[in-house]
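# Coordinate inspection notes
For reference, the chains in residue letters:
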Amino acid sequence: MSGKIRGRNCVIPYSINAEPGRDDIQGCFTAIYRYMKYLESVGVTTEIARHGGVGGSASNVDFWDGAAPFLCNAWFVFRFNTNANRTWPWYYLVQWNKANVANFGVAPGAPGLWDNQAGSYAYTSIAVQAAIGVGGDQNPWNGTGTMGTSAKGTPVWKVPAGGTDVYVFPRSNSTGGAHTVSRQNCTLLWNNTDYNTTYSSAINFISDDDSFMIVYTNSTTANPNNLVDYGAAYNGLYTPVSGLTVAYPFVQWSADQGYRPANQATGPVAGTTPGGGIFNPGVTAGVRQLGFSYFDEFWINNSFRANGRGVDFAPMLLVCTETNYTGALGFPQLYKFAYPIFSRYQTLGGTRKALGSAYSPSGRVMIPWSSAVADAYHTRPAGIDSRDGTTFIHLDTPIAETVSVSESLVVTP
Amino acid sequence: MAGTIRGRIDTYHNALNRYKNTQSFFTSLYKFLKNLEVAGVTTEIARHGGLTGSAANVNYHDEASPFLHNAWYVFRWNTNGGRSWPWYLYVQFFRNDVGSDTNAAPATPSMFINVTNYGSWGVVMCQSAMGIGGDQNPFPFTGTMGTNVKNSTYAWRIPASGGTHLGIWPHSNGPDRLHGARAKGQIVPVDGSLLIDGETFTINDGINGAKIFEFDSNGSVSGSNIPVTFTAGMTKYEIQAAIITALNVTALAAGDFYIRGWQGSGGNVQLINKQGGSIGNNTITETVANAGFLVSGMSGGTGTLQNNRCLFGIVNDTSSCRAHFVADDDSLVILSEYTEGGGGANSYSGTFFGVYTPIPGVATIATKPWCVLQAMAIPLSDGYINNNDNDDTFLVDTGVAVVDPAYGARGVTISRLHEIQQAQPNRCFTTPQYEEYPIFFAGTEWNVLEPHAGGGISHLGVAGAVEFVREIYGVTNNDTNTAKTRAYFGAAGVGYKWAIPWDGTTTPGTTTTRDGVNF
């Protein structure tokens, strides 16, 4: 982990159009783009390619009600630049589709799938990819064209010029996966099947110079007027377990309840739900399926809480669960875990916030936060300005709050 | 963890007699602790050579002056640059065939897993404790080294000279448990207008003698009485507060006193003796004329903090057994092979004494991170609450830890990363590797009986992990790493094992001497 931890909290109000839930997804997509541009302004990222969507042009970068909004199957690619602690860049592709216009992956978003699907009328979706180019110019992007009307290549990602390999997340795009030809499969961030929803969404971004996470609400009629039911998606670095040397300690996953259940296989070779993957440096290095461990043995009932003194942050241990490659790999940065607390719980001092399912104290994602940022809750914001969010820069060392002793796992020499 | 790692490993006990084997284990451990004393790690505090024995009785059963039935010794793990608090280890040898039980002289008071005679066994049993505050010495005794005498009414105590708490294992000797329940009582005050200057109540904590508390409205008390300052205009609630101040502040300032008071309902003062045991059952007396002023207790204290757990036990004459003792300047681990009481051939029990690593959120509280964890059959059971009196049933694992020193030692439960440990060896390495994991534990007890500035919840939640001993999965009993600097013990076959430091040379299970290999 390096650089400042930055964050932004955005509220996406529902639109006044028909099927406002689809505009809600567009709003989230646009909010992600704007946060990427913010990171570009501070040197963390560089925009590599973009398309404004079907029928769109370079000017199509606005929210749904702007003069030139992002349109169906718009996408963008940003590079997380190298820094003093990371000599290799990683690339991040985000794409959305508006289902009543076109399925995911239709031009100009071709080729593209999310969780091995193209979707249907019911699925307005956002999905992401990440890629690392090994060697050469370290650039795995295989696209062409001019910024704003760029074109994806086939495959979407390539071995860099002069390089030796490319690692694409989710796992199905990499060696042994189902999408190694076009490398077009994306990890679903979320889709909104309740396209008539008239409730707002909230989307939060947390990043440092190496990693990026999105936490978002699922606003549905099943959970109306309640922006606490968070999902989360992580793309970024992990800290390897002691003794393990990892050239590209990168991991990706998406979880609609904030975290994936312990040891659940994530990033199958077929590219189906749940999407994700982790770089494994083992005998044959590559992107593999992953799983998680949460110290859940401690959580046999609700009386095990926080030593009576506050919330314990447990690290989330990442494991490779793919046959022949199994083993513990490390701990994600930015991302911790706590149990059992309510979603939106904020630690004393406001340096971390819990996000997850709304209904009862349970496992929670603990993300860096700022007490200066009031997050959305139970309300539609008064104006649309809030969708650009409130940006903050976190304390530099929030991870000191974590259960670091578990990160001293040792390996038998 | 601190200092040099030392060990006496692969000690082999094969006397073809259950009692001799047990005596051999007891003596071998003593010699190891004496080696540590030479290195400055430990100090022998007290010892008795056993029934009819003398100071000379420190040898193996077939040597001159052997340790005899009910011999015992106490060693202190000394403070060092990184640890300002000592901890103590008590070890006792018992042989059933002599005719006296574990509680007989010279070991009185003593029990072994809630009884005083365990069938036809030979047993090495132990306790461990740390004193919090004061002189940090929790072991009361008299006499000369080799023929020392234990305190017959309280085997362990809150340290003198300002001590505040006792941490003790087995847990059944701890606060409000079978062998260390604390005496409690109550005072029902009255309004100040109903009190007369000079009236008194008297409480005895059992160790420091009776203290007389005198209601004082004129600024003068008799002799060394503790003043309870009042005026005629005070309500009974204000009198309640005055009594609590006298108990918790004024009396303490006058010297050691272990009874504390806190606010009960209706203006009552609830009392508790911080020193556990029946020694605290001393009737409160009072001279207040008003019939509304009432006292009750102290009562409910039980035991003499005398219960022991098993380090080594054997019931037949045919089994050979091995044991390993490894220590650093902070911690000790004892592994003993057992064949009875539920174990099978080549099964190991393990006991860890010493320092754990608190998690960061607890580190500022856990200033004395001491714990004891015992697996009767490695590995430790996990995922259940281990804080009741039954923790001294023979085959139940047990553990305590001092999380908040203001509460002494409390019960813990173990966690294990099942998902990860079963993914062994770790194939994320170019050469697949077996991994060792710290043994995490969580506090399992609520504190509801004792007043504390921090509130009533003190022990729940993840506290830390033991790192001197670790767990490993996927290896077999007696395995080592390639360099033989780590060795693994547990039940036969593949499963969870304890990983302990090793000497770099010895193949476990190969030596044939009771002194084993020192490193």
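Computed from a predicted model, the values in this text were never measured in an experiment.

### Notes on the overall build of chain B
- Looking only at helices and strands, chain B has 4 helices and 30 strands in total.
- Rg of the C-alpha trace for chain B: 25 Å, near the compact-globule value of 24 Å for 519 residues, within the 12% margin.
- Structurally, chain B occupies a C-alpha span of about 80 × 60 × 40 Å along its principal axes.
- Buried residues in chain B amount to 60% of all 519 residues.
- Here the analysis covers contacts within chain B between residues at least 6 apart in sequence; of these, 68% occur between residues at least 24 apart.
- Working note: accessible area of chain B is about 16,200 Å², and carbon and sulfur atoms make up 52% of it.

### Description of the overall build of chain A
- For chain A, the count of helices and strands is 1 helix and 22 strands.
- In chain A, which comprises 413 residues, the proportion classed as buried is 63%.
- Sequence separation of 24 or more characterises 69% of the internal contacts of chain A that already satisfy a separation of 6 or more.

### Re the side chain of Ser331(B)
All names here are of chain B.
- For Ser331, the location among the structural elements is in the loop between strand 19 (321-327) and strand 20 (332-338).
- Looking at Ser331, its side chain comes within polar contact range of the main-chain nitrogen of Val355, at 3.1 Å.
- Not counting residues up to four positions away in its chain, the partners in contact with Ser331 are Trp77, Trp87, Val326, Phe352, Phe353, Gly354, Val355 and Phe468.

### Examining the sheet that holds strand 14 (residues 259-263) of chain B
Residues and elements named next belong to chain B.
- As summarised here, the arrangement of the 4 strands in space is 14-15-10-17, forming an open sheet in which the pairing is antiparallel. Only two strands of the sheet have a single partner each, and these edge strands are strand 14 and strand 17 (294-299). Between one strand axis and the next, the sheet turns through 20 degrees on average, direction left out of account.
- In the sheet, strand 10 (residues 184-188) pairs with strand 17 via 5 bridges, with the strands oriented antiparallel. What sits directly across from Val188, in strand 17, is Leu294.

### Structural notes on the environment of Ala232(A)
All names here are of chain A.
- Mapping Ala232 onto the fold places it in strand 11 (residues 230-240).
- What makes Ala232 buried here is its relative accessible area of 0%.
- Taking the C-alpha atoms as reference points, Ala232 and Gly56, separated by 176 residues in sequence, lie 29 Å from one another.
- Ignoring sequence-local partners within four residues, the contact set of Ala232 consists of Ile214, Val215, Tyr216, Trp253, Ser254, Ala255, Gly258 and Tyr335.

### A look at the pattern of salt bridges
- The tally for this structure, following the rule as stated, stands at 21 salt bridges over all chains.
- Among the ionic pairs, Asp23(A) bridges to Lys98(A), the shortest N-O distance being 3.4 Å. One end of the pair, Asp23(A), is in helix 1 (residues 20-41); the other, Lys98(A), is in the loop between strand 4 (90-97) and strand 5 (113-114), with 75 residues separating them in the sequence.
- Given a relative accessible area of 3%, Asp23(A) falls into the buried group.
- Judged by relative accessible area, which is 21%, Lys98(A) ranks as partly exposed.
- As a salt-bridge pair, Asp515(B) and Arg8(B) come within 2.8 Å of each other at their nearest N and O atoms. Of this pair, Asp515(B) sits in the loop between strand 29 (495-501) and strand 30 (517-518) while Arg8(B) is found in strand 1 (residues 6-13), placing the two residues 507 residues apart along the sequence.
- Through salt bridges with shared partners, a single network forms among Lys37(A), Glu40(A), Glu47(A) and Arg50(A).

### Structural notes on helix 1 of chain A
Residues and elements named next belong to chain A.
- With 22 residues, helix 1 extends 31 Å from end C-alpha to end C-alpha; this agrees with the ideal 32 Å at 1.5 Å per step.
- In terms of burial, helix 1 is a largely internal element, 18 of the 22 residues being buried.
- Positive backbone phi, at 90 degrees, marks Gly43, one or two positions downstream of helix 1.

### Quick look at the packing of aromatic side chains
Residue and element names in this part refer to chain A.
- On inspection of all chains with the given rule, the structure shows 57 aromatic pairs over all chains.
- Relative to Phe279, the ring of Tyr248 has its centre 5.6 Å away and its plane inclined at 85 degrees; by these criteria the two rings are edge-to-face. With Tyr248 in the loop between strand 11 and strand 12 (250-255) and Phe279 in strand 13 (residues 276-280), the pair connects residues that are 31 residues apart, well separated along the chain.
- Residue class for Tyr248 comes out buried when judged on its relative accessible area of 13%.
- Here Phe279 falls in the buried class, since its relative accessible area comes to 2%.
- Ring plane angle 70 degrees and centroid distance 5.1 Å describe the contact between Trp253 and Phe292, whose orientation is recorded as edge-to-face. Of this pair, Trp253 sits in strand 12 while Phe292 sits in strand 15 (residues 290-293); the two residues are 39 residues apart in sequence, bridging distant segments of the chain. Across the pair, exposure class does not vary: Trp253 and Phe292 are buried alike.
- Directly above the aromatic system of Tyr325 lies the positively charged group of Arg288, at a separation of 3.6 Å from the ring centroid.

### Observations concerning the nonpolar core
- Ile32(A), Met36(A), Ile126(A), Ile203(A), Phe212(A) and Trp253(A) are the most contacted members of the largest nonpolar core, which totals 86 residues.
- The element contributing the most residues to this core is helix 1 of chain A, with 10 residues.
- Within the second largest apolar cluster, 40 residues are counted, among which are Tyr30(B), Val41(B), Leu89(B) and Val355(B).

### Quick look at the sheet that holds strand 13 (residues 226-229) of chain B
Residues and elements named next belong to chain B.
- Overall, mixed pairing links the 4 strands, which are arranged 13-12-11-16 in an open sheet. The open sheet has two edge strands with one neighbour each: strand 13 and strand 16 (285-286).
- As defined by bridge partners, strand 11 (residues 200-204) adjoins strand 16 across 2 bridges and the pair is classed as antiparallel. Bridged to Thr202 within strand 16 is Thr285.
- The strands that helix 2 (residues 236-253) touches are strand 11, strand 12 (210-216) and strand 13; relative to strand 13, the one it contacts most, it runs at about 150 degrees.

### Some remarks on the confidence of the model for chain A
Residue and element names in this part refer to chain A.
- With 77% of its residues at a pLDDT of 70 or more, chain A shows a mean pLDDT of 82.
- Low confidence marks residues 221-225, where pLDDT is under 50. Its contacts with residues over four positions away, or in another chain, come to 9 contacts.
- A low-confidence stretch, residues 377-385 stays under pLDDT 50, and its non-local contacts, those more than four residues away or across chains, total 18 contacts.

### Quick word on the pairing of strand 28 (residues 486-489) of chain B
- Here strand 28 of chain B shows a buried face lined by Arg486(B) and Tyr488(B) and a second buried face lined by Ala487(B) and Phe489(B).
- Counted along the chain from strand 28 of chain B to the antiparallel partner strand 29 of chain B, the turn is 5 residues long, and its residue Gly493(B) has a positive phi close to 85 degrees.

### Some remarks on the environment of Gly264(B)
- Mapped onto the fold, Gly264(B) is located in the loop between strand 14 and strand 15 (269-273).
- Each C-alpha atom, one on Gly264(B) and one on Ile187(B), is 9.3 Å from the other, the two residues being 77 residues apart in sequence.

Cut-offs applied
- Residues numbered from 1 in each chain as written.
- Chains lettered and ligands numbered in written order.
- Predicted model: local features only at pLDDT ≥ 70, side-chain atom pairs only at ≥ 80, totals over all residues.
- Heavy atoms only, no water.
- Helix = DSSP H or I, 4+ residues; strand = E, 2+ residues; numbered from the N terminus.
- Rg over C-alpha atoms; globule rule 2.2 N^0.38 Å.
- Buried < 20%, exposed > 50% of the residue type's maximum accessible area, 1.4 Å probe, protein only.
- Contact = heavy atoms within 4.5 Å.
- Areas by Shrake-Rupley, 256 points an atom, 1.4 Å probe, with all protein chains shown as cover.
- Polar contact = N/O pair within 3.5 Å; in protein donor to acceptor, adjacent residues only side chain to side chain.
- Pairing = 2+ DSSP bridges.
- Axes fitted to C-alpha atoms, helices over the stretch in contact; angles between N-to-C directions.
- Salt bridge = Lys/Arg side-chain N within 4 Å of Asp/Glu carboxyl O.
- Expected span 1.5 Å × (residues − 1).
- Phe/Tyr/Trp six-rings, centres within 6.5 Å; stacked < 30°, edge-to-face > 60°.
- Lys NZ or Arg CZ within 6 Å of the ring centre and 35° of its normal.
- Core = buried A, V, L, I, M, F, W, Y, C linked by side-chain atoms within 4.5 Å.
- pLDDT = per-residue confidence, 0-100.

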